[in-house]
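Chain by chain, the residues:
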Amino acid sequence: MSPNSFTALRLIAAVAVLVRHSLIILDDEISPFGALDIPALGLWVFFVVSGFLLPGAWERRPQLVRYVSARVLRVFPGLFVSLLVTVVIIGAIATPLGVRAYLSDPQTLNHLTKNLVLLPDYTLPGVFSDNPYANAVNGALWSLGPLFAMYLLVPVIGWIPWRRVRASVWTGLLVWCVVAPLVDAIPTRDIVWGNFVDDILRVAAFFCAGAALREWRVPLRLDAAIIAASVLAIVMVLEPELTWFFAHLVVPYVLVTVGSQPIPVLRSAGRFGDPSFGMFLIGFPVQQLVIHLNPQLDWVPSILTTLVLSVAYGYLLWWFVDQPLARMRVSSRRPGTNRLEAPRPAAVRAP
């Protein structure tokens, strides 16, 4: 059992991402919310937590090959398996084409190969073409490229030997990500590696905020977090145009503070593993498939069905992909070990 609550935060984030996507892609006549611009709080959690934890992982073991290989093994095996499930199972069920024509279509291979290099591609031949949110197979994949880019930025800044300088760099990047779109300092609607620049800056800001909190060694107090959250709520009501600015200051502090605490209920969330990454990868296409198979299903059972299937998939991915790879990494670090040994539970498992 972890002495902190970061696993619970990731689980909550995965559920929040799944529910948000479901409400957006459901038919407006079925969902009471339609396609409202619901805040992407779940995605912010993933970036803040990663930003807070990974500089510490680098500081403990500042070895580039080991760091990069750990991040590659954390992202790409699960991504590959999830893409195969999406393409071979979900896509084959939903396409109006014959299975042979579907699998041999160049667009199918294009979807697989592009997403494996984190270049988002959202379409498969004929898949979900009749859904209310037509043709979008997995809208969650866009954020993996920016997230992995931030992973690689950690050792670049981490090589700076002075902590206060590192903290200042992360803070400067945070300010740049928030302010640059507001003052038109850069063309925010340009596309970089398949994503709009302003979308990249939006999520990168939360990663930088998490990293800055760690490097500045900001005191984490629950009472201060409660006050900060209350201030944000007041701003959202009285000055909604300032919400985005205050969110970059308040949300990371609240998340890191809660995640760092051994809250009794939350700290036990990872007892059976961490299915959050698998849920994140599969939730969108599963919801689209549920809509495809039963377009008249009410929004509550539709989302609950998607949630149950996604949680089950997330645990399967954890038990049969993530954990075996983690055991292999631990075993390879122990000279003279001839068998694979399960790692001892860590206080925090970096994303």
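Residues numbered from 1 in each chain as written. Predicted model: local features only at pLDDT ≥ 70, side-chain atom pairs only at ≥ 80, totals over all residues. Heavy atoms only, no water.

S.K.: How do you make sense of the state of the cysteines when you look at a structure like this?
M.R.: Note on terminology: disulfide describes a covalent bond linking the sulfur atoms of two cysteines. Applying the stated criterion across every chain yields a total of 0 disulfides. You can see Cys177 has no disulfide; the closest cysteine sulfur is in Cys208, sitting 4.8 Å from it. (Disulfide = S-S within 2.5 Å.)

S.K.: Got a minute to help me understand a nonpolar patch on the surface in this structure?
M.R.: Together, Phe80, Leu84, Val88, Ile89, Ile93, Val99, Leu103 and Leu293 give the surface a local cluster of nonpolar side chains, amounting to about 690 Å² of exposed area. The biggest single contributor to the nonpolar patch is helix H3 (residues 64-94), with 5 residues. For Ile89, a relative accessible area of 45% corresponds to the partly exposed category. (Patch = residues over 30% accessible without salt bridge, like charges linked within 9 Å, V, L, I, M, F, W, Y side chains within 5 Å. Areas by Shrake-Rupley, 256 points an atom, 1.4 Å probe, with all protein chains shown as cover. Salt bridge = Lys/Arg side-chain N within 4 Å of Asp/Glu carboxyl O. Helix = DSSP H or I, 4+ residues; strand = E, 2+ residues; numbered from the N terminus. Buried < 20%, exposed > 50% of the residue type's maximum accessible area, 1.4 Å probe, protein only.)

S.K.: For this particular structure, what's the right way to read unusual backbone geometry?
M.R.: Where the residue is not glycine, phi is negative for most of them; where a peptide bond is considered, it is trans in most cases. Of note, the phi angle at Asn135 is positive, near 70°, even though the residue is not glycine. Mapped onto the fold, Asn135 is located in the loop between helix H5 (106-116) and helix H6 (144-158). According to the relative accessible area criterion, Asn135 is partly exposed, its value standing at 36%. Unlike most non-glycine residues, Trp193 shows phi in positive territory, near 50°. Along the chain, Trp193 falls in the loop between strand S1 (191-192) and strand S2 (195-196).

S.K.: How should the environment of Ala94 be read in this particular structure?
M.R.: On the secondary structure map, Ala94 appears in helix H3. Sequence separation of Ala94 and Gln288 is 194 residues, and the distance between their C-alpha atoms is 9.2 Å. Sequence-distant contacts of Ala94, that is, excluding residues within four places in its chain, are made with Gly126, Val127, Phe128, Leu289 and His292. (Contact = heavy atoms within 4.5 Å.)

S.K.: What exactly am I supposed to notice about the packing of H3 against H6 here?
M.R.: Angle between the axes and distance between the axes: these two values describe a pair of packed helices. Look at H3 against H6: their axes get within 10 Å of each other, and the N-to-C directions meet at 165°. Between H3 and H6, the angle falls in the class roughly antiparallel. Our pair here, H3 against H6, has a crossing hand that is right-handed. Residues Leu64, Tyr67, Val68, Arg71, Val72, Val75, Phe76 and Leu79 of H3 lie in contact with H6, whose contacting residues are Leu144, Phe148, Tyr151, Leu152, Val154 and Pro155. Grouping the constituent residues of the contact of H3 with H6 by class yields 13 nonpolar, no polar and 1 charged. (Axes fitted to C-alpha atoms, helices over the stretch in contact; angles between N-to-C directions. Parallel < 35°, antiparallel > 145°, perpendicular 65-115°, else oblique. Left-handed = near helix turned anticlockwise from the far one by under 90°. Nonpolar A, V, L, I, M, F, W, Y, C, P; charged D, E, K, R; others polar.)

S.K.: Can you walk me through the side chain of Gln288 in this structure?
M.R.: Along the chain, Gln288 turns up in helix H12 (residues 276-293). A polar contact of 2.8 Å, which involves the side chain of Gln288, links it to the backbone oxygen of Ala136. When neighbours within four sequence positions are excluded, Gln288 is seen to be in contact with Ile25, Phe128, Asn131, Tyr133 and Ala136. (Polar contact = N/O pair within 3.5 Å; in protein donor to acceptor, adjacent residues only side chain to side chain.)

S.K.: What should I look at first to understand the nonpolar core in this one?
M.R.: Generally speaking, a soluble globular protein has its nonpolar side chains buried in company with each other. In this structure, Leu144, Tyr151, Trp170, Phe207, Phe280 and Leu281 are the most contacted members of the largest nonpolar core, which totals 82 residues. Setting aside residues no more than four positions away along its own chain, Trp170 makes contact with Met150, Leu153, Val154, Ile157, Phe207, Cys208, Ala211, Ala212 and Glu215. Counting residues in each nonpolar core, the second largest holds 9 residues, with Leu18, Leu23, Ile25 and Ile303 among its members. (Core = buried A, V, L, I, M, F, W, Y, C linked by side-chain atoms within 4.5 Å.)

S.K.: For this particular structure, what's the right way to read H12?
M.R.: In an α-helix, one turn spans 3.6 residues; hence positions three or four apart end up facing the same way. The terminal C-alpha atoms of H12, which comprises 18 residues, lie 25 Å apart, in line with the 26 Å expected from a rise of 1.5 Å per residue. A bend of about 45° at Ile282 is the largest found in H12, and the proline Pro285 appears one to four places after it. Of all 18 residues making up H12, 16 are buried, and the element is well covered by its neighbours. (Expected span 1.5 Å × (residues − 1). Bend = angle between axes of the 7 residues up to and from the residue.)

S.K.: I would appreciate a short explanation of H6 in the present structure.
M.R.: Across its 15 residues, H6 extends 21 Å between first and last C-alpha, which sits within 8% of the 21 Å expected from 1.5 Å per residue. Of all the positions in H6, only Leu144, Gly145, Pro146, Leu147, Phe148, Met150, Tyr151, Val154, Pro155 and Ile157 are classed as buried. Of the surrounding secondary structure, the elements contacted by the buried residues of H6 are helix H2 (41-60), H3, helix H7 (163-182), S2, helix H8 (197-215) and H12.

S.K.: Sorry if this is basic, but what is going on with the packing of aromatic side chains here?
M.R.: In this description, a pair of aromatic rings is defined by centroid distance and the angle of the planes. Across all of its chains, the model carries 11 aromatic pairs by this definition. Where Trp58 meets Tyr67, the ring centres are 5.7 Å apart and the plane angle is 85°; that geometry is what we call edge-to-face. For Trp58, a relative accessible area of 3% puts it in the buried group. Here the aromatic residues Trp58, Tyr67 and Trp159 are joined through ring pairs into a cluster of three or more. Over the ring of Tyr67 we find Arg71; its NZ or CZ atom is 5.0 Å from the centre of that ring. (Phe/Tyr/Trp six-rings, centres within 6.5 Å; stacked < 30°, edge-to-face > 60°. Lys NZ or Arg CZ within 6 Å of the ring centre and 35° of its normal.)

S.K.: Just checking my understanding: could you explain the packing of H3 against H5 for this structure?
M.R.: Here H3 crosses H5 at 165°, and the two axes come no closer than 10 Å. Comparing their axes, H5 and H3 come out roughly antiparallel. For the element pair H3 and H5, the recorded crossing hand is right-handed. On the side of H3, the interface is formed by Phe76, Leu79, Phe80, Leu83, Leu84 and Val87, while H5 contributes Thr108, His111, Leu112, Asn115 and Leu116. In terms of residue class, the contact of H3 with H5 is built from 8 nonpolar, 3 polar and no charged.

Don't take any of this as a statement about function, it's just geometry.
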